[in-house]
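Fold and contact review
Now for the letters of each chain:
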Amino acid sequence: MSLSIKNCRIIHNGKLISTNIFIDNGKITKIGGFVDADEILDAHNNIVLPGVIDPHVHFREPGFEYKEDLLSGSRAAAAGGATTFLDMPNTNPTTTTIEALQEKRELARKCVVNYGFHFGSSENNIDEIRKAANTASLKIYMNPTTGNMKLEDEGLLRDLFSSHNTIAVHAEDEMIRKAVDLSNTLKNKLYICHQSTKEGLDYINQNRGNILVETTPHHLFLTEEDQNQFVKMKPPLVTKQDQEALWQGIHEGSINTIGTDHAPHTISEKESGEFFGVPGVETSLPLLFNAVNKNMLSLQQLIELTSHNPARIFGIKNKGFIEQGFDADFVIVDPHLTKKVKNEELFTKCGWSPFNNWELEGWPITTIVNGNVVFEHGEVYDIKAREVVFNG
Ligand code: DOR
Ligand code: ZN
Ligand code: ZN
């Protein structure tokens, strides 16, 4: 089946251009030229971006399906313009064995957007890590958080750092230094999740080897002044000054990706004050696009952070770019559609957002995954996606 998307505005060589995109069998076959295909979709001069790749989500399956599962999480992703997500290993069982990875792969077949997995580390799973094929990274928890996967033995950390091409860390405060130092000594690639403080970012920038840095929408748009039970997360919300350093990092290019750290918990769990994390996969793009409209970042920067860089860093085959030969994963954004985030309209099972009632300008209206429309007119269609392939 072939599809043409006509009247697109895309960023091409740094400039916004008007064009048509041709798709055959789920791949981009041509950009520009006459419109002709089995099906034609009119983008009405809205902005077509590479589908968002969310490198950091917790979709909770298996083990905690009452807060989210791989289908509900993937539907929320589609509504938020994310066409690929990389899921974290703190499920139950944890994704620390080949068997658990295989189970998650099977469970994920129901997803409506593409998926990949971070593998988890434990005290004794180096053999499993080495055998696990096609994983985004080895995730190491260096501080305590949801799932109790924290590891601290120095020798073990060294062995783990050497056991995968890409190490992703949950590291706060002094653990950021430790992770940076270890990666510089061992010369491996380090992906620092949810970087939130000026101090941490300064240390990274002063000691930067092969280090890639993620920040989150909640750290970019909320500060410690917004603190309440619902916005408790790890790492916590930061000061205005820290937040300014994060924005500066975005402008300078020292922050490479936006990962939502989508970490749903139920409303009653959050009310208890004992659960850390906020949902984010369906509000990230509207928050960032609204920020583009306010000149807080450029559209080119948004694309680098949300699609080009996650694809490059994790080596996701054929994704992250609107270019011939790449997979047809797009989000069409109406740049001036203005509406409020509404808890009751969200697709996430947890049913709430820290951004409830925020009025934002620039919303995804259509999401296309592997050449199929999966989200339009506020509805998500049940078309199955697939696991991504990590190069090398
Ligand atoms: O706040 C958090 N929630 N931080 C994490 O590192 C984990 C996450 C979760 O899975 O709930
Ligand atoms: Zn974390
Ligand atoms: Zn996380």
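In this report, the structure presented in the accompanying data block is examined.

Some remarks on the site of ligand 1
In the neighbourhood of ligand 1, the contacting residues comprise His58, Arg60, Asn90, Thr145, Thr146, His170, Met233, Lys234, Ala263, His265, Phe276 and Gly277. Thr146 is positioned with one of its side-chain polar atoms (N or O) 2.8 Å from an oxygen atom of ligand 1. In this structure, an oxygen atom belonging to ligand 1 sits 2.8 Å away from a main-chain N or O atom of Lys234.

Side note on the coordination of the zinc ion (ligand 2)
The zinc ion (ligand 2) binds to the protein through His170 (ND1) and His194 (NE2), with metal-donor distances spanning 2.0 to 2.1 Å. Separation of the zinc ion (ligand 2) from the zinc ion (ligand 3) amounts to 3.5 Å. With His170 in strand β11 (residues 166–170) and His194 in the loop between β12 (189–192) and α6 (198–206), the pair connects residues that are 24 residues apart, well separated along the chain. In this structure His170 comes out as buried when scored by relative accessible area, which is 2%.

Re the coordination of the zinc ion (ligand 3)
Surrounding the zinc ion (ligand 3) are the protein donor atoms His56 (NE2), His58 (NE2) and Asp261 (OD), which sit 2.0 to 2.1 Å from the metal. Going along the chain, you hit the donors of the zinc ion (ligand 3) in the pattern H-x1-H-x202-D.

What to know about the pairing of strand β1 (residues 2–12)
Here nine bridges tie β1 to strand β2 (residues 15–24), and the two strands are oriented antiparallel to one another. Bridging from a neighbouring strand, Leu3 pairs with Ile23 of β2. Counting the residues in the hairpin turn of β1 and β2 gives two residues, including Asn13, whose phi is positive at 50°. Here β1 runs beside strand β4 (residues 39–42); their pairing, made up of four bridges, is parallel. What sits directly across from Ile5, in β4, is Leu41.

About the thresholds
- Residues numbered from 1 in each chain as written.
- Chains lettered and ligands numbered in written order.
- Predicted model: local features only at pLDDT ≥ 70, side-chain atom pairs only at ≥ 80, totals over all residues.
- Heavy atoms only, no water.
- Near = heavy atom within 4 Å.
- Polar contact = N/O pair within 3.5 Å; in protein donor to acceptor, adjacent residues only side chain to side chain.
- Donors = N, O, S within 2.8 Å, 3.2 Å for Na, K, Ca; no water.
- Helix = DSSP H or I, 4+ residues; strand = E, 2+ residues; numbered from the N terminus.
- Buried < 20%, exposed > 50% of the residue type's maximum accessible area, 1.4 Å probe, protein only.
- Pairing = 2+ DSSP bridges.

No statement about biological role is implied by the geometric values presented.
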